[in-house]
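# Observations on the three-dimensional arrangement
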Amino acid sequence: MKIDWRAVVRRHCKDAGVRLSDATIAELAEHLEDVYLAAVDEGHPPEAARRRADDVLRAASLATLESRARGRMDLVLPSRSFAAMTALQAAVRQFRHHRSFAVITVLVLGLAVGAATTVFTVVDSVVLRPLPYKAPDRLVTIWDTDAEKGLSHEPISPVTFMDQRDLPVFDDAAAWWRPGINLLDPGLDPARVNTIEVSGNLFDLLGVGPQVGAGFPVNGPLFVQNELIAVISDRLWRTRYSADPSVLGRPLLFNQNAYTIVGVMPPGFHFPDDVDVWQRLRWDLTQHSRAAHFMEAVAVLAPGTTLEQAQSAVETLGLRVAKESPDTNGGWNSRLIPLLDDQLGYYRPALIVLFGAVGLLLVIGVFNVASLLLTRALSREREIAVRMAMGASPRQVVTQLFAESLGLSAAGAAAGLLAATAALPLIVAFTPVEIPRLEEATISARALVVATGIVVATTLVFGLVPALLLLRGQITSPLRAGERGASRGARRIYSFLVAGEVALACALLVSSALLVRTVDGMMSTPTGVDADDVVTTTVQLPRRSAQGDELRAVWLGVVDTHARLLEAIERQPGVQRAGGTNFLPYGTGWRNPFGIVGQPLPARPEDAPQAQMHSVSHGYFEAMGARLAAGRFFTAFDRPESQAVVIVNEAFARQHLGGEAVGRTVRTWSGGIGPLGWNMKFEGRMTAEGLHAEVVGVVGDIRNVALGLPVEPAIYFPTSQFPFSEQFVVVRAVEPRAGIAAVQAALREVAPEIPMATAVTWGERAARRTAEPRLLMAVLTFFGALAAVLAAIGVYGLFSWIVAMRTRELAIRLTLGASPQGVGRLVVNQSALLVGLGLVVGWVIVQAADAALARVLFGVTPSDPGSTAVASALLAAAALAACVAPAIRAMRVDPVEGLRAE
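My aim in this report is to walk through the structure given alongside it, one point at a time. (Residues numbered from 1 in each chain as written. Predicted model: local features only at pLDDT ≥ 70, side-chain atom pairs only at ≥ 80, totals over all residues. Heavy atoms only, no water.)

We now examine the pairing of strand 13 (residues 332-338). Summarising burial for strand 13: 5 of the 7 residues are buried, a large majority. Sheet analysis places strand 1 (residues 139-146) next to strand 13, joined by 7 bridges and oriented antiparallel. By the bridge assignment for strand 13, Thr145 is matched with Asn333. (Buried < 20%, exposed > 50% of the residue type's maximum accessible area, 1.4 Å probe, protein only. Helix = DSSP H or I, 4+ residues; strand = E, 2+ residues; numbered from the N terminus. Pairing = 2+ DSSP bridges.)

Bringing the pattern of salt bridges into the picture now. Following the criterion strictly, the structure yields 25 salt bridges and no others. Between Asp276 and Arg235 there is a salt bridge, with the nearest N and O atoms lying 3.1 Å from each other. Remark: Arg235 occurs in helix 9 (residues 234-241) and Asp276 occurs in the loop between strand 10 (257-264) and strand 11 (277-280); sequence separation between them is 41 residues. Note on Asp276: relative accessible area 10%, which makes it buried. Under the relative-accessibility criterion, Arg235 is labelled partly exposed at 34%. (Salt bridge = Lys/Arg side-chain N within 4 Å of Asp/Glu carboxyl O.)

In this section: unusual backbone geometry. Between Phe271 and Pro272 the backbone carries a cis peptide bond, its omega angle lying at 0°. Within the secondary structure, Pro272 is located in the loop between strand 10 and strand 11. Within the chain, Ala243 stands out as a residue other than glycine whose phi angle is a positive 55°. In this fold, Ala243 is placed in the loop between helix 9 and strand 9 (251-254). For Ala243, a relative accessible area of 23% translates into the label partly exposed. The phi dihedral of Asp274 is positive, around 55°, even though this residue is not glycine. Secondary-structure assignment places Asp274 in the loop between strand 10 and strand 11. Judged by relative accessible area, which is 41%, Asp274 ranks as partly exposed.

Moving on to helix 27 (residues 865-882). Between its first and last C-alpha atoms helix 27 spans 25 Å; for 18 residues at 1.5 Å apiece the expected length is 26 Å, and the two agree. Those residues of helix 27 lying buried are Ser867, Thr868, Ala871, Ser872, Leu875, Ala876, Ala879 and Ala882. Taken around the axis of helix 27, the buried residues stretch over an arc of 145°, which confines them to a single face. Turned more than 90 degrees away from the buried face of helix 27 sit Pro865, Val870 and Leu874, all of them exposed. (Expected span 1.5 Å × (residues − 1). Arc of directions from axis to C-beta.)

Across all of its chains, the model carries 20 aromatic pairs by this definition. On the basis of an interplanar angle of 90° and a centroid distance of 5.8 Å, the ring pair of Tyr133 and Phe271 is categorised as edge-to-face. Residue Tyr133 is found in the loop between helix 6 (99-128) and strand 1, and its partner Phe271 is found in the loop between strand 10 and strand 11; the two are separated by 138 residues along the sequence. With respect to class, Tyr133 is no different from Phe271; both count as buried. With centroids separated by 4.9 Å and ring planes inclined at 50°, the aromatic side chains of Phe594 and Phe652 adopt a geometry described as tilted. A residue pair is termed long-range when its members are at least 10 positions apart, and Phe594 in strand 16 (residues 590-596) and Phe652 in helix 20 (residues 650-656) qualify at 58 residues. Among the aromatic residues, ring-to-ring pairing joins Tyr133, Trp176, Phe203, Phe216, Phe269, Phe271 and Trp278 into one connected group. (Phe/Tyr/Trp six-rings, centres within 6.5 Å; stacked < 30°, edge-to-face > 60°.)

With 120 residues, the main nonpolar core has Leu202 and Trp278 as its most contacted residues. If you tally residues by element for this core, the top one is helix 23 (residues 771-805), at 17 residues. Listed in part, the 30 residues of the second largest apolar core include Met162, Ala175, Ala292 and Phe583. (Core = buried A, V, L, I, M, F, W, Y, C linked by side-chain atoms within 4.5 Å.)

In this section: empty space enclosed by the protein. Which parts of space are left empty comes out when a probe the size of a water molecule is rolled across the atoms. Tallied over the entire structure, the rule returns 6 cavities of 30 Å³ or more. Computed from the structure, the largest cavity encloses a volume of approximately 80 Å³. Along the wall of the largest cavity there are 14 residues; nearest its centre are Asp144, Thr160, Asn329, Asn333 and Ser334. Broken down by element, the lining of the largest cavity gets its largest block of residues, 4 residues, from helix 10 (residues 307-324). Split by residue class, the lining of the largest cavity holds 4 nonpolar, 8 polar and 2 charged. (1 Å grid on protein atoms, 1.4 Å probe; cavity = no way out; pocket = protein on both sides within 12 Å on 5 of 7 lines; lining within 4 Å. Points joined across faces, edges and corners; volume = space filled by probe spheres on them. Nonpolar A, V, L, I, M, F, W, Y, C, P; charged D, E, K, R; others polar.)

This next bit is on the environment of Ala873. As for its position among the elements, Ala873 is in helix 27. Between the C-alpha atom of Ala873 and that of Leu839, which follows or precedes it by 34 residues, the distance is 9.6 Å.

One can describe the packing of helix 27 onto helix 28 (residues 884-891) by two numbers: an axis separation of 4 Å at closest approach and a directional angle of 30°. Between helix 27 and helix 28, the angle is such that the two are roughly parallel. Contacts from Leu880, Ala881 and Ala882 in helix 27 reach Val884, Ala885 and Pro886 in helix 28. For the contact of helix 27 with helix 28, the residue count by class is 6 nonpolar, no polar and no charged. (Axes fitted to C-alpha atoms, helices over the stretch in contact; angles between N-to-C directions. Parallel < 35°, antiparallel > 145°, perpendicular 65-115°, else oblique. Contact = heavy atoms within 4.5 Å.)

Our next topic: the environment of Asp137. The topology assignment puts Asp137 in the loop between helix 6 and strand 1. Using a relative accessible area of 70% as the deciding quantity, one classes Asp137 as exposed. Note: C-alpha distance between Asp137 and Leu339 (202 residues apart in sequence) is 8.3 Å.

On to the packing of helix 25 (residues 820-848) against helix 28. Where helix 25 meets helix 28, the axes come as close as 8 Å, and the angle between the chain directions of the two elements is 150°. The angle between helix 25 and helix 28 places the two elements in the roughly antiparallel class. Read as a crossing pair, helix 25 and helix 28 show a hand that is right-handed. Seen from helix 25, the contacting residues are Pro820, Gln821, Val823, Gly824, Val827 and Val828; seen from helix 28, they are Ala887, Ala890 and Met891. Partitioning the contact of helix 25 with helix 28 into residue classes produces 7 nonpolar, 2 polar and no charged. (Left-handed = near helix turned anticlockwise from the far one by under 90°.)

All right, on to a nonpolar patch on the surface then. A cluster of nonpolar residues, Val840, Trp843 and Val844, forms a patch on the protein surface that exposes about 270 Å² of accessible area. Mapped onto the elements, Val844 comes out in helix 25. (Patch = residues over 30% accessible without salt bridge, like charges linked within 9 Å, V, L, I, M, F, W, Y side chains within 5 Å. Areas by Shrake-Rupley, 256 points an atom, 1.4 Å probe, with all protein chains shown as cover.)

Within the element layout of this structure, Asn255 appears in the loop between strand 9 and strand 10. In terms of polar contacts, Asn255 uses its side chain to reach the backbone amide nitrogen of Asn182, at 2.8 Å. (Polar contact = N/O pair within 3.5 Å; in protein donor to acceptor, adjacent residues only side chain to side chain.)

Let us now look at the side chain of Arg703. By the secondary structure assignment, Arg703 is in the loop between strand 22 (690-699) and strand 23 (714-718). As a buried residue without a salt bridge, Arg703 has its nearest oppositely charged side chain in Asp701, at a separation of 8.7 Å. With residues near it in sequence (within four places) discarded, Arg703 still touches Thr525, Pro526, Thr527, Pro585, Tyr586, Gly708, Leu709 and Val711. (Lys, Arg positive; Asp, Glu negative; His and termini not counted.)

The following block contains the structure:
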């Protein structure tokens, strides 16, 4: 049944005691009919559509109109609180009548706020929160560098560290190395634990003392010769010793050496990284060569000293030492890194990039919701004009728009906070990489402040843009003119919002494409081995100090144990090959001088060129799937008493032997490789000219440096002639489980007192090298795709609105002879122009973020044309596809119906 809306308006006027002109009643009736029909089109039953129209009529401020009609100039307005409450109630009614619009708006804003709050919480906990140490802003780490070799993060020389420690720019400095130990407690299973052997001032420097026991003596010596004392972590104390306080003062066996436990550190303390045992240094740091780079260090800057001043002092010392000792320090220097930056490593720039990305996503969400609300405001132009014509003041209209935007933004922020609260524990639990301090992340007061700021900002944006248009008179649709076209000013603002969405989405997609290229480059970098399913684990053989003939017996025992262990592994079912090494691929061996027999001998061994020294067993190269380029691999016949032999990599053969390596003889002056090795002596063969060893093979280049650096020349010694107490054991088996079981069975047979470290496949170890960029790539790709979808929605909304508002213009064009295809092209061309502008601005944003992006990229630059082209093409396709439907609607406008509708 058709409703007589004029009669409805007259009845309302009669009930309110208001007299209106027939023209005004007609206009108001027409508007109410539009509201009713729109509700019916949305699927509401006639009764609900009628109630919506009644609500609009009641909201038309008839009381204000009555006052004006009676000529009363002393109008008494309701209190502000009452007006605000009335506006909020009206906003709730609007949302009830337009549920789909409200739900979409809240979901878009909630997604953006939730992502922003979650990422901010992670960044706040990991990056912004200070370290829990004394003077955290003055703590720095010290690393050695060699610019010529491209080395920027190398362990330091202990002798050079002692010089640096005396510099006045430091209050104090501590150093350590990583020996690796087995716990061999009577009555308990052997266990392998992470250990450092550290100078006695570490805990005092950090300002962290033990929770139980006295710990290392405060202000005591840095190192001792005979006193074996150690401090353990709270985790080890509770899991292995059941928090028994009697563990203090009790000797515990570390690699068969009895250490006295003098303290238990507080819960959560594992400095520098997941350490459970801190042994005090047993030897003088000055007893090593400056060429030995195997220690790590932390220092605290003197009060009032800047990082730049300290760096200058360290570099000055480095240049002086290099001049005084060019044989060991030529080309070497040191750099200082704030401790927090060093601990975070890749994660700091990655999280900053991620925070920037989620900020862009948040702005896109705000733009998108602003566009939705602007569209709604413009679609309500006639309703607002009726209200103002009937006496509603601009302040009342603006208050109403602000109330609606406040309700939406508050609901979106609440939904986002709920999503962040639910997502954060899942992120902490399921993040596939170890991010420092991530487990401490919680929704803090600062995160709530951020969410509140988002509510305030979005409320202003959502309410201010339509309000400004209203106050400037830019969306006035005169009731008697019948004109529904949008103003140029409104269209410009809407176009700006959508172009901004496209630009920000472009920046996110290009960044994602750059990370995809980065990860692809990392994954495709050759390692020189084919060993994805090869099991790798660590075995630490017991060692003890010895001298003279006793030393020979010690290392011969190590050789024998290694050999028997590998033989036992290869006897196990399913095992194809097994071997051992002191450095896996990506691991950098000890750099030591060498010479070539037949070439001029340097005046001093220190003046000779250097190459990496590795110790590998027979079977290692075969187990890892390395390529034999010439000669042979090591065999069981390469015994300690045999001719000294080595294998070199192709880089060594090219650079030092002209490609013809097999049969040549190299000389080295290494009696032992660093502090982990035994001081090996070849009886009668270690002379002033060095140890002569025959090259019996050339192996394909195995990556022995970090990604991005060229493979260095390397010399491989057989473990039988150059043993190490700690070795990686690698096992190629029919399946990884068989390899793990084989190592366990062999250890029970050969050395039941030795624990096996965690076993993982080489593929899993290699994947960890790319875990951080892969995680960042996945998150950025998700955000980029989401941003593209939001941008496409924005484009769709803009051109749907343009087509709806320009129905009369399009009808006239078609009436005057324009083809439907031409009208469709008009819409598509306008969309292409807007999208193109957004893409250009997006490229500019990416280039502006060059410095931040460069720190998380590998083998690709932010200006990479391929990444830019692919990302831009995907976004352009999505955006242009979004304008297809509006273009089709424009092509199907019926000229007669279009003109009749106006």
